[in-house]
Amino acid sequence: MIINKARLTEFIFLIILVFVMNNCHVRQNSVEKVDDYYSDEELYFESEEENQQYEQKIFNKDFKSLTFKSNSLILGEPCYYLNSLNDVTIDFDLLKNHSESLQYQLIHCDKDWKTSNISSMDAIDGFDIDYIENQKISYGPIQQYIHYNFKLPNNHTNFLISGNYIIKIFSEGESNKPIANIKFFVSEQSSDVNFNIEESSDVEQSKYLQSYEIECTYNSSNTIDPFSNIYINIEQNHQTFNQQWISGPNFIKENKLVFLPNEDQTFNGGNEFRFFDISSFRNGSQFVEKTYFEDTSYKIILKIDQKRSYRQYLEYKDMNGRFFIRTYDNDEADFQSEYGWVEFKLNMRKELSDSIFIYGQLSNWKLDDSFLMKYDSTSKTYFNQLLLKQGYYNYIYVTKNSEFISTRKIEGAHFQTNNEYVIKVYYRDPLEMYDRIMCYKNIKNN
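In this text the structure is predicted, and so the values were computed from the model without any measurement.

Criteria and thresholds
Residues numbered from 1 in each chain as written. Predicted model: local features only at pLDDT ≥ 70, side-chain atom pairs only at ≥ 80, totals over all residues. Heavy atoms only, no water. Helix = DSSP H or I, 4+ residues; strand = E, 2+ residues; numbered from the N terminus. Buried < 20%, exposed > 50% of the residue type's maximum accessible area, 1.4 Å probe, protein only. Areas by Shrake-Rupley, 256 points an atom, 1.4 Å probe, with all protein chains shown as cover. Core = buried A, V, L, I, M, F, W, Y, C linked by side-chain atoms within 4.5 Å. Contact = heavy atoms within 4.5 Å. Polar contact = N/O pair within 3.5 Å; in protein donor to acceptor, adjacent residues only side chain to side chain. Pairing = 2+ DSSP bridges. Axes fitted to C-alpha atoms, helices over the stretch in contact; angles between N-to-C directions. Salt bridge = Lys/Arg side-chain N within 4 Å of Asp/Glu carboxyl O. 1 Å grid on protein atoms, 1.4 Å probe; cavity = no way out; pocket = protein on both sides within 12 Å on 5 of 7 lines; lining within 4 Å. Points joined across faces, edges and corners; volume = space filled by probe spheres on them. Nonpolar A, V, L, I, M, F, W, Y, C, P; charged D, E, K, R; others polar. Phe/Tyr/Trp six-rings, centres within 6.5 Å; stacked < 30°, edge-to-face > 60°. Lys NZ or Arg CZ within 6 Å of the ring centre and 35° of its normal. Patch = residues over 30% accessible without salt bridge, like charges linked within 9 Å, V, L, I, M, F, W, Y side chains within 5 Å. Lys, Arg positive; Asp, Glu negative; His and termini not counted. Charge placed at Lys NZ, Arg CZ, Asp CG, Glu CD.

If you had to explain the overall build of the protein chain to someone new, which residues and values would you point to?
Tallying secondary structure elements over the protein chain gives six helices and 32 strands in all. Among the 446 residues that make up the protein chain, the fraction classed as buried is 47%. Carbon and sulfur atoms make up 48% of the accessible area of the protein chain, which totals about 24100 Å².

Encoded structure:
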């Protein structure tokens, strides 16, 4: 066999060249891997968190009974006034029979609940991630649970600036797998709001709607362009599904933004919240049909609810959707209260095309699928069962379709209804590059 020496030389050279190039490529990849501190997965989570839009959400079905209070005052949602002594206590349960180490993280957000451009060091004095140290194992109840609570601010954490914050709660070291995200507000209280409810100018709807006018003060010395940079958020009874944003006042008078009534500045009057009391499983209450123990849990059957859309308005005091934990059967409500399955029923002659949800603080002010009512054609009722802790509860029924979310179809609407309006005044500071809360205020129209 005859081999061409020139061709052989070329072939050997080609093999050496391929080997060298391949070796360099491998070494180059190795260097890049070492120099890159984060893995691809870690970078993904970091990027996702930087651009994330948060909402209040419970991710774990064992997370129950989330409540807030300040100076023993029960809050519908947590708000802390910057540099005040009125800290906020956050309570919740985890349905487990053993203690679990939990942590929380504070994340500063803009007015739309997207992660802000402010670093945690500029927003928080102390730790933005810390342990929830206060926990008690339930003593006595059939359903075992761990009761947790912590305060904000506390000895380890304080707030430097106002704004929206997300409290992310997670098991130790697992911040990328939250158990719950909770909205938290920090307000400067550097402005004030006057808010008045009036009859709607729409004659046909005047008996059903509540129209409003609003004035908002501001400090002219540190506010740039209040026409464009001040935004006011208005919620009726913490209902985010029909919240309103207003900006650009009709005029400014003596450092006061004035918004005159118009056809867009209206809310359905709604109705008073329904309520039930399950503070005792031994004694009944006004809207409880019966309570009994079956298998391994308590069952509470509420009296059947009726549609109220065409009924006359009946005034009574409610808690505007809140609930609070208490027990008459034991001494310590936090860790001795029982849990029970509460059965809701709503009379309805036929199934609606709309979805119907149980709504209130008990649903964390969300239209969540676990609070969705199902229709039983045999009994002609909508029904659902919720596992709830002993206490006093408010709730209403909300309908949802592809176009509207409303309380009016089931609950009706009345101008006279006693509602709580939550006003938040945001200032988008062009110098500091974040959204401040200048005022947070709860106002009852009656």
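Account for the nonpolar core, naming residues and giving values.
Core analysis: the biggest nonpolar cluster contains 32 residues, and Ile90, Phe92, Phe159, Ile167, Ile169 and Phe184 have the highest contact counts within it. For this core, the secondary structure elements donating two or more residues are strand E2 (63-70), strand E5 (88-94), strand E6 (102-109), strand E10 (146-152), strand E12 (163-171) and strand E13 (178-187). Looking at which element gives the most residues to this core, the answer is E13, with five residues. When residues no more than four places from it in sequence are discounted, the contact partners of phenylalanine 159 are Tyr80, Leu82, Leu106, Ala123, Ile124, Leu152, Pro153, Tyr165, Phe184 and Val186. One finds Ile278, Ala333, Ile356 and Tyr395 within the second-largest nonpolar core, a separate group that totals 26 residues.

How would you summarise the environment of asparagine 330 if you had to cite specific residues and measurements?
In this structure, asparagine 330 sits in the loop between strand E24 (323-325) and helix H5 (333-336). Its relative accessible area of 29% is what places asparagine 330 among the partly exposed residues. The sequence separation of asparagine 330 and glycine 140 amounts to 190 residues, and the corresponding C-alpha distance is 8.9 Å. Side-chain polar atoms of asparagine 330 contact the backbone oxygen of glutamine 336, separated by 3.2 Å.

Got a sec to walk through the pairing of strand E16 (residues 230-236)? Specific residues and values, please.
The side chains of a regular strand alternate between both faces of the sheet. For E16, the buried fraction is high: six of the seven residues fall into the buried class. Pairing between E16 and strand E31 (residues 420-429): seven bridges, direction antiparallel. Looking across to E31, one finds that isoleucine 230 is bridged to tyrosine 427. Of the pairings in the sheet, the one linking E16 to strand E17 (residues 244-246) comprises three bridges and is antiparallel in character. Bridge pairing in E17 places asparagine 233 opposite tryptophan 245.

An account of the sheet that holds E5 is needed here, citing residue identities and associated values.
Read across the open sheet, the five strands follow the order E3-E2-E5-E10-E9; overall the sheet is antiparallel. Whereas interior strands pair on both sides, the edge strands pair on one side only; in this sheet they are strand E3 (73-75) and strand E9 (134-137). Across the sheet, the axes of successive neighbouring strands diverge by a mean angle of 25 degrees, strand direction being ignored. Taken together, the five bridges between E2 and E5 define a ladder with antiparallel strand orientation. Pairing of lysine 64 across the sheet is with aspartate 93, part of E5.

With reference to specific residues and values, describe the pattern of salt bridges.
This model, assessed by the stated rule, comprises 21 salt bridges. Taking the shortest distance from any N to any O, the salt bridge between lysine 61 and aspartate 62 comes out at 3.7 Å. Among the salt bridges present, the one from lysine 111 reaches aspartate 112, with a minimum N-O distance of 3.3 Å. Under the relative-accessibility criterion, lysine 111 is labelled buried at 10%. If you follow the salt bridges from partner to partner, you end up with Arg274, Asp305, Arg308 and Glu411 in one network.

A description of the side chain of aspartate 354 should follow, citing residues and the corresponding values.
Inspection of the secondary structure puts aspartate 354 in the loop between strand E25 (339-347) and strand E26 (355-359). Looking at aspartate 354, its side chain comes within polar contact range of the side chain of serine 353, at 3.2 Å. Of note is the side chain of aspartate 354, whose polar atom sits 2.9 Å from the side chain of lysine 409. Apart from the residues within four sequence positions on either side, aspartate 354 is in contact with Tyr382, Thr399, Lys400, Asn401 and Lys409.

Any chance you could break down empty space enclosed by the protein for me, citing the residues and the numbers?
What the rule picks out here adds up to one cavity of 30 Å³ or more. Forming the boundary of the largest cavity are Gln236, Asn237, Gln239, Gly269, Gly270, Asn271, Phe273, Ile396, Thr407, Glu411 and Asn419. Class assignment of the residues belonging to the lining of the largest cavity gives a composition of two nonpolar, eight polar and one charged.

Residue-level account of the packing of aromatic side chains, with values.
Taken as a whole and judged by the stated rule, the model has 29 aromatic pairs. Measuring from centroid to centroid gives 5.2 Å for phenylalanine 344 and tyrosine 395, while their planes differ by 80 degrees, and the two rings are edge-to-face. Separated by 51 residues along the polypeptide, phenylalanine 344 in strand E25 and tyrosine 395 in strand E29 (residues 391-400) bring together distant segments of the chain. Tyrosine 395 shares its class with phenylalanine 344; the two are buried. By way of ring pairs, the aromatic residues Phe276, Phe323, Phe344, Tyr393, Tyr395 and Tyr397 are connected into one cluster. Lying over the aromatic face of tyrosine 231, lysine 111 brings its terminal NZ or CZ to 4.7 Å of the ring centre.

Mind laying out a negative patch on the surface, listing which residues take part and the relevant values?
Side chains of Asp202, Glu204, Glu263 and Asp264 sit close together on the surface and give a patch of like negative charge. With respect to the element layout, aspartate 202 can be found in the loop between strand E14 (193-199) and strand E15 (209-217).

Go over the sheet that holds strand E28 (residues 381-389), please, and point to the residues and values.
The five strands are arranged E22-E23-E25-E28-E27 in an open sheet whose pairing can be described as mixed. Only two strands of the sheet have a single partner each, and these edge strands are strand E22 (288-294) and strand E27 (374-376). Shown here is a sheet whose adjacent strand axes are inclined to one another by a mean of 30 degrees, direction ignored. One ladder, built from three bridges, connects E27 with E28; its direction is antiparallel. Across the sheet, the residue bridging to tyrosine 375 is tyrosine 382, located in E28.

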